[in-house]
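A structural walkthrough
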Amino acid sequence: MPRPAPARPRLPAPALRAALRGLTLAIAATSLLALAPGAQGASKNKKAASATHAPAKKRSTRVKPSQNHSGESTAEREKRLYRECQGMPNAGACLGYAKR
């Protein structure tokens, strides 16, 4: 007489859900990894295409001189502000000259 096949133990519901969740995550990760090299290849092609053109020159930053319509030099202006701002609040034009 043939023996009956042993019954498979059933997984409890939480364990079954956890196993299915893990399987789903594994499939999702595999599909994302399969798509990743294609996306990187497209960016490399753009870089290779832009490398054939001459790179744009960087523009230098120029500092504009402050507008001084009074005709006084910077040293003269600092002396005047130091003289005029004695005892004044340290704000506005006197910032840094009131308490030297």
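See above for the structure.
Rules and cut-offs
Residues numbered from 1 in each chain as written. Predicted model: local features only at pLDDT ≥ 70, side-chain atom pairs only at ≥ 80, totals over all residues. Heavy atoms only, no water. Helix = DSSP H or I, 4+ residues; strand = E, 2+ residues; numbered from the N terminus. Buried < 20%, exposed > 50% of the residue type's maximum accessible area, 1.4 Å probe, protein only. Areas by Shrake-Rupley, 256 points an atom, 1.4 Å probe, with all protein chains shown as cover. Disulfide = S-S within 2.5 Å. Salt bridge = Lys/Arg side-chain N within 4 Å of Asp/Glu carboxyl O. Patch = residues over 30% accessible without salt bridge, like charges linked within 9 Å, V, L, I, M, F, W, Y side chains within 5 Å. Polar contact = N/O pair within 3.5 Å; in protein donor to acceptor, adjacent residues only side chain to side chain. Contact = heavy atoms within 4.5 Å.

Along its length, the chain carries two helices and zero strands. Buried positions account for 6% of the 100 residues belonging to the chain. Accessible area for the chain stands at about 9,900 Å²; split by element, carbon and sulfur atoms hold 61% of it.

Glancing now at the state of the cysteines. Counting across every chain of the model gives one disulfide. Between the sulfur atoms of cysteine 85 and its disulfide partner cysteine 94 the distance amounts to 2.0 Å. Residues cysteine 85 and cysteine 94 are joined through a disulfide that is left-handed, its torsion about the S-S bond being -75 degrees. Both residues of the pair, cysteine 85 and cysteine 94, count as buried.

What follows covers the pattern of salt bridges. A full pass over the atoms with the stated rule returns two salt bridges. For glutamate 72, the salt bridge is made with arginine 80, and the minimal N-O distance between the two is 2.9 Å. A residue is classified by how much of its surface remains accessible, and glutamate 72, at 18% relative accessible area, is buried. Taking the shortest distance from any N to any O, the salt bridge between glutamate 84 and arginine 80 comes out at 3.3 Å.

Let us now look at a nonpolar patch on the surface. On the surface, a nonpolar cluster with roughly 390 Å² of combined accessible area is contributed by Leu16, Leu20, Leu23 and Ile27. Relative to the helices and strands, leucine 16 is located in helix α1 (residues 13-51).

Looking at the element boundaries, glutamate 72 is found in the loop between α1 and α2 (74-84). Among the polar contacts made by the side chain of glutamate 72, one reaches the side chain of arginine 80 at a distance of 2.9 Å. Beyond its immediate sequence surroundings of up to four residues, glutamate 72 is in contact with Arg77 and Arg80.

Everything listed here is a matter of coordinates, which is why it stays silent on function.
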